[in-house]
Amino acid sequence: MPDNKALVRRPGPRLAEGLVTRVGRTPVDTVLAARQWEGYVAALHAHGWETVEVPAADDCPDAVFVEDAVVVFRGVALLARSGAVSRRPETAGAEAAVTALGLPVERVREPGTLDGGDVLKVGDTVYVGRGGRTDDGGVRQLRSAFEPMGARVVAVPVTKVLHLKSAVTALPDGTVIGYPPLVDDPSVFPRFLPVPEEPGAHVVLLGGGRLLMAASAPRTAELLTDMGYEPVSVDIGEFEKLEGCVTCLSVRLRNLYA
Ligand SMILES: NC(=O)NCCC[C@H](N)C(=O)O
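Residues numbered from 1 in each chain as written. Predicted model: local features only at pLDDT ≥ 70, side-chain atom pairs only at ≥ 80, totals over all residues. Heavy atoms only, no water.

This brings us to the overall build of the protein chain. A count of helices and strands for the protein chain gives 6 helices and 15 strands. Here the C-alpha radius of gyration of the protein chain, 17 Å, is about what a compact globule of 258 residues would show, namely 18 Å. Dimensions along the principal axes, computed over C-alpha positions, put the protein chain at roughly 45 × 45 × 40 Å. With 258 residues in all, the protein chain has 55% of them scored as buried. Nonlocal contacts in the protein chain, meaning residues at least 24 apart in sequence, comprise 67% of its contacts between residues at least 6 apart. With 27 positive and 33 negative side-chain charges, the protein chain shows a separation of 4 Å between the mean positions of the two kinds. (Helix = DSSP H or I, 4+ residues; strand = E, 2+ residues; numbered from the N terminus. Rg over C-alpha atoms; globule rule 2.2 N^0.38 Å. Buried < 20%, exposed > 50% of the residue type's maximum accessible area, 1.4 Å probe, protein only. Contact = heavy atoms within 4.5 Å. Lys, Arg positive; Asp, Glu negative; His and termini not counted. Charge placed at Lys NZ, Arg CZ, Asp CG, Glu CD.)

Moving on, we get to the pattern of salt bridges. This structure, assessed with the given rule, holds 15 salt bridges. Among the salt bridges present, the one from Glu 50 reaches Lys 5, with a minimum N-O distance of 3.6 Å. Of this pair, Glu 50 sits in strand β2 (residues 50–53) while Lys 5 sits in strand β1 (residues 4–8), placing them 45 residues apart in sequence. Asp 115 is the salt-bridge partner of Arg 133, the closest N and O atoms lying 3.0 Å from each other. Taken together, the residues span a long stretch of sequence, with Arg 133 in the loop between β7 (125–130) and α3 (136–146) and Asp 115 in the loop between β5 (105–107) and β6 (119–122) at a distance of 18 residues. Three or more residues are tied together by salt bridges with common partners; here these are Asp 3, Lys 5 and Glu 50. (Salt bridge = Lys/Arg side-chain N within 4 Å of Asp/Glu carboxyl O.)

Residue classification places Arg 133 among the buried residues on the basis of a relative accessible area of 9%. Here the side chain of Arg 133 touches Asp 115 through a polar contact of 3.0 Å, side chain to side chain. Ignoring anything within four residues of it in the chain, the contact list for Arg 133 reads Leu 19, Thr 21, Ser 82, Gly 83, Ala 84, Arg 87, Thr 113, Leu 114, Asp 115, Asp 118, Leu 162 and His 163. (Polar contact = N/O pair within 3.5 Å; in protein donor to acceptor, adjacent residues only side chain to side chain.)

With that settled, consider the side chain of Asp 118. With respect to the helices and strands, the residue Asp 118 is situated in the loop between β5 and β6. Buried charge Asp 118 goes without a salt bridge, the closest partner of opposite sign being Arg 133 at 7.2 Å. Discounting residues that sit within four places of it in the chain, Asp 118 has contacts with Tyr 127, Val 128, Gly 129, Arg 133, Thr 134, Leu 162, His 163 and Leu 164.

So, about helix α2 (residues 91–100). Listing the buried residues of α2 in full gives Thr 91, Gly 93, Ala 94, Ala 97 and Val 98. Buried residues of α2, seen end-on, are gathered within an arc of 160° and therefore sit on one face of the element. Away from its buried face, by an angle of more than 90 degrees, α2 presents the exposed residues Ala 92 and Ala 100. Buried residues along α2 sit in contact with β1, β3 (70–73), β4 (76–79) and β5. Backbone geometry just after α2 places Gly 102 at a positive phi near 85°. (Arc of directions from axis to C-beta.)

A word on the UniProt feature "active site" (unreviewed entry) in the protein chain. Using the residue numbers shown here, the UniProt feature "active site" (unreviewed entry) corresponds to His 163 and Cys 248. These annotated residues cover 86 residues of sequence, but their C-alpha atoms sit close together, with the largest distance between any two at 10.0 Å. Topologically, His 163 is positioned in the loop between β8 (152–157) and α4 (164–167). Owing to a relative accessible area of 6%, His 163 belongs among the buried residues under this scheme. Of note is the side chain of His 163, whose polar atom sits 2.8 Å from the side chain of Asp 115. Structurally, Cys 248 is set in the loop between α6 (237–240) and β15 (251–254). Judged by its relative accessible area of 5%, Cys 248 falls in the buried class. In this structure, Cys 248 is in contact with Val 64, Phe 65, Val 66 and Glu 67, ignoring residues within four places of it in sequence. (UniProt positions renumbered as here; feature names shortened; annotations may be inferred.)

What follows is the structure in C-alpha cells.
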C-alpha cells in the first residue's frame, strides 16, 4: 500500500503582502486564494495523497509556499535557510512537522542560503539552482546532507527566474521540461522538452502518468495529453500573482516508511 504524504501549509492572513521579485505587484484576493488552496489540497486527496498540515506561520506572508522551507531526500529532511530574510522563520513549523513524522533533520546553517524551490530531484540526481535565493554555501550544505545518501548533486545556474523550479521540473520519465526563454542552460539536462507556456514548466507528479498543473497552462496540458500523460489542472491564480506555482504549495513525501 503506497504511503504518500504531502506537507501543505494553509495561507495566512498576510498572504497579500507576499514577496514579489520578478513580477509587478497586483492585489491578491485572500478569500479566493483560500478557496484555490482548498482546491489544490482536494486534488492531492483525489489522487491518493494524504496531506499533513504544517503549523501556521501567520506572521509570514509567504509561508503557504511550504516547499521552500524544507527539502526531503530519501527520508532525511534538510531545513532550508531562505535567501529572503523575511522567510526564515517559516522553517520552525516545517521542522515541527517533519519531526512529528519521524524524519531525521539536517539544516542549512548561516551564512549559507537555500530555498527548497531551487531543488529539483530527478531520480538520484538532485539539481540545485544557484544564483537567486540559493548561494554557494547552500549548495555545499545540500551536497553534504544528501550525497552520503546516494544523491548526485548538480548545481545549475538560475538567473532568469526566482527559483530553479520556476523554470524547470521533470516528467515521470525524468525528462526535464521548461519554457525556453526562462531556462539558463537546457543543455545541463540529459533530456529536455520545451513547453509553450511559463506555468507549463511546473508539474507535480501525482503518480502514474498524472500531473498536477496550473490551469494557466492549457497548451502545455494539451501537449502532455498528446504524449500520454493525464494533466490534472487546478486554478492557483492568486498564488501566481506572488510568483508561486503548483510545486511550491506542497512537499511530497513518497513511501516515507518503505
Ligand atoms: N518554490 C517557489 O516557487 N516558491 C514561490 C515563492 C514565492 C514567494 N512570493 C517568494 O518570493 O518567496
